[in-house]
Amino acid sequence: MSAGWLLAILVAPHVTLTPGWRMVALFCHLTCLVVGFGAVLTVDWFSLRWLLRREPLGTVLTAARGAHLLIWLGLVGLLASGAALGPDTSSGLVWVKLLAVLAVGINGLFLGRVRDRLAAVDGQPTWSALLAGVAAATVSQVGWWTATLIGFWNANS
Ligand code: HEM
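Fair warning: this is a prediction, and the values are worked out from it, not measured in the lab.

K.L.:
Would you mind showing me how to read the site of the ligand here?
P.N.:
With respect to spatial proximity, 25 residues lie near the ligand, and among them G82, L85, A147, G151 and A155 are the closest. Counted by class, the shell around the ligand contains 18 nonpolar, 7 polar and no charged residues.

K.L.:
What is the right way to read the nonpolar core from this model?
P.N.:
Across soluble globular proteins, nonpolar side chains have a tendency to be buried as a group. By size, the foremost hydrophobic cluster in this structure holds 24 residues, and its most contacted members are V40, V43, A63, A67 and V104. When residues of this core are traced back to their parent elements, those giving at least two are helix 2 (19-51), helix 3 (57-85), helix 4 (92-120) and helix 5 (127-155). In contact with A67, not counting residues within four places along its chain, are A39, T42 and V43.

K.L.:
Is there a simple way to think about helix 4 in this case?
P.N.:
The periodicity of an α-helix, 3.6 residues per turn, causes residues three or four positions apart to be oriented the same way. Between its first and last C-alpha, helix 4 extends 42 Å over 29 residues, near the 42 Å set by a 1.5 Å rise per residue. All of the buried residues in helix 4 are K97, L98, A100, V101, V104, N107, G108, L111 and V114. Close packing links the buried residues of helix 4 with helix 1 (2-11), helix 3 and helix 5.

K.L.:
Quick question: what am I supposed to make of the confidence of the model for the protein chain here?
P.N.:
Atom-level detail of predicted coordinates should not be read off regions where pLDDT is low. Summarising the model, the protein chain shows a mean pLDDT of 95, and 100% of its residues fall at 70 or more. Mean pLDDT in the protein chain bottoms out at helix 1, which sits at 93, and peaks at helix 2, which reaches 97.

About the thresholds
Residues numbered from 1 in each chain as written. Predicted model: local features only at pLDDT ≥ 70, side-chain atom pairs only at ≥ 80, totals over all residues. Near = placed C-beta within 6 Å. Nonpolar A, V, L, I, M, F, W, Y, C, P; charged D, E, K, R; others polar. Core = buried A, V, L, I, M, F, W, Y, C linked by C-beta atoms within 7 Å. Buried ≥ 20, exposed ≤ 12 C-beta atoms within 10 Å, placed from the backbone. Helix = DSSP H or I, 4+ residues; strand = E, 2+ residues; numbered from the N terminus. Contact = placed C-beta atoms within 7 Å. Expected span 1.5 Å × (residues − 1). pLDDT = per-residue confidence, 0-100.

Okay, structure coming up:
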């Protein structure tokens, strides 16, 4: 994950796109945002419904397992298309966004472990597993929203 992130940042300054290809890259970037963040929001929505006792834990875990591939495809696509768009790495705000993306990726690996721990539980899950899940879901939401808001701000200011 970290290697892919570093590669995207190192490659970015050497990519120059024509306005037409830049539009294609931006379209890919936004499509990957819809796919990745959309899948994350779906899983988190099911998690919230479970916290409100509207869904069984099994449903959340099935949704998380099903959305796994979409989330990672979205994130990898965002890294590749983002590198092609050539982020301005002299801007502090861009670095905040890039670090948020790295945090989302590393946290995603941790979330996978938490999901496996919860899936292995027979009966009521432990508080430590639940707290780890809530903490990781919060980090994920903060990271995705930070990257989205900064991306939007940079593109429109
Ligand atoms: C979680 C991951 C990411 C999210 C949610 C995200 C989100 C966004 C959003 C919402 C935009 C604005 C598009 C528009 O309004 O037209 C954007 C633009 C952009 N993103 Fe990302 N992005 C992510 C990852 C990355 C990465 C990893 C890079 C670089 C390696 C990157 C580089 C860029 C660039 C260069 C732009 C264009 C900004 C400009 O026109 O000045 N993004 N991103």
